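Topology and contacts: notes
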Amino acid sequence: MAHSPIYLRPLDPVADGPALHTIFGDPQCCLWLPEPAFADIDATIAKLTDWTIGFEKTSWAIALTPDGPAIGRISLFNTGHDKDVWEAACMVSPATRGQNIAARALSVAIEYLFATTTARRIYADIDPDNHASVKTFEKLGFTREGVLRGEWVTHIGIRDSVIYGLLRTDPRPSIPDKPVLVEPGK
């Protein structure tokens, strides 16, 4: 089954903040984040800005048209302990779930990172009860590497982390209907 086209374009925290607040302002969407949902659009914009600084080339908005409103966010970021180890994060609007959007968008982001950097590894740190994220990263060929017990103090209590990893040399399954990657300034 073919899916509707989607686009991955550079994230603009200020311009995309209002649309992404439908995700980051929703308590159910933010259940698995360390912090609760953001109280207002300004708080969402501030957090998106904080998350994006230094990773402008690997922070994207997912949209249904090249310049349309954001329906999700993809981010690949380096945590600083090793320049070649990156973490992946994604969120999509509940209204768009069931269309494989997160896996489709992440597949292009991962290809981009491996093509433009020396990254050797990308990992995902997932709450074990976040079944949708687990399924998404498994679709992308990530390997479950282990559980870090009591790893996070969050707004819902102390939580474990399930770590999924993908090496540059790992085989990656074909993901159909990949998004178009919109280059900055286009």
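Structural data are supplied above this passage.
Residues numbered from 1 in each chain as written. Predicted model: local features only at pLDDT ≥ 70, side-chain atom pairs only at ≥ 80, totals over all residues. Heavy atoms only, no water.

1. Thoughts on the packing of helix 1 (residues 13–24) against helix 2 (residues 41–52)
- Helix 2 packs onto helix 1 with a crossing angle of 115 degrees between their chain directions and a minimal axis gap of 8 Å. Between helix 1 and helix 2, the crossing angle belongs to the class labelled roughly perpendicular. As for how helix 1 packs across helix 2, the hand of that crossing is right-handed. Contacts from Pro13, Val14, Gly17, Pro18, Leu20, His21 and Phe24 in helix 1 reach Ile41, Thr44, Ile45, Leu48, Thr49, Trp51 and Thr52 in helix 2.
- Counted by class, the contact of helix 1 with helix 2 contains nine nonpolar, five polar and no charged residues. (Axes fitted to C-alpha atoms, helices over the stretch in contact; angles between N-to-C directions. Helix = DSSP H or I, 4+ residues; strand = E, 2+ residues; numbered from the N terminus. Parallel < 35°, antiparallel > 145°, perpendicular 65-115°, else oblique. Left-handed = near helix turned anticlockwise from the far one by under 90°. Contact = heavy atoms within 4.5 Å. Nonpolar A, V, L, I, M, F, W, Y, C, P; charged D, E, K, R; others polar.)

2. Quick look at the layout of surface pockets
- Taken as a whole, the largest pocket spans an internal volume of roughly 1,300 Å³.
- Looking at the largest pocket, it is lined by 48 residues, and the ones nearest its centre are Leu33, Cys90, Met91, Asn130 and Ser133.
- Mapped onto the lining of the largest pocket, the elements with two or more residues apiece are helix 2, strand 3 (70–78), strand 4 (85–92), helix 3 (101–116), strand 5 (121–126), helix 4 (131–139), strand 6 (143–154) and strand 7 (157–167).
- Looking at the lining of the largest pocket residue by residue, the class counts come to 25 nonpolar, 12 polar and 11 charged. (1 Å grid on protein atoms, 1.4 Å probe; cavity = no way out; pocket = protein on both sides within 12 Å on 5 of 7 lines; lining within 4 Å. Points joined across faces, edges and corners; volume = space filled by probe spheres on them.)

3. Focus: the nonpolar core
- Counting 34 residues, the largest nonpolar core has Ile62, Ile74, Ile122 and Phe137 as the members making the most contacts within it.
- Broken down by secondary-structure element, the contributors of at least two residues to this core are strand 2 (59–63), strand 3, strand 4, helix 3, strand 5, helix 4 and strand 7.
- Sorting elements by how many residues they give to this core places helix 3 first, with 10 residues.
- Not counting residues within four places of it along the chain, the set of residues in contact with isoleucine 122 comprises Leu76, Trp86, Glu87, Ala88, Ile110, Leu113, Phe114, Phe142, Tyr164, Gly165 and Leu166.
- Listed in part, the 12 residues of the second largest apolar core include Leu11, Leu20, Ile23 and Cys29. (Core = buried A, V, L, I, M, F, W, Y, C linked by side-chain atoms within 4.5 Å. Buried < 20%, exposed > 50% of the residue type's maximum accessible area, 1.4 Å probe, protein only.)

4. Details of the pattern of salt bridges
- Counted according to the given criterion, the structure contains eight salt bridges.
- With a closest N to O distance of 2.8 Å, arginine 121 and glutamate 145 form a salt bridge. In this pair, arginine 121 sits in strand 5 while glutamate 145 sits in strand 6, placing the two residues 24 residues apart along the sequence.
- Given a relative accessible area of 43%, glutamate 145 falls into the partly exposed group.
- In this structure, the salt-bridge partner of arginine 159 is aspartate 129, at a minimum N-O distance of 2.7 Å. A residue pair is termed long-range when its members are at least 10 positions apart, and arginine 159 in strand 7 and aspartate 129 in the loop between strand 5 and helix 4 qualify at 30 residues. (Salt bridge = Lys/Arg side-chain N within 4 Å of Asp/Glu carboxyl O.)

Just geometry here; none of it tells us what the structure is for.
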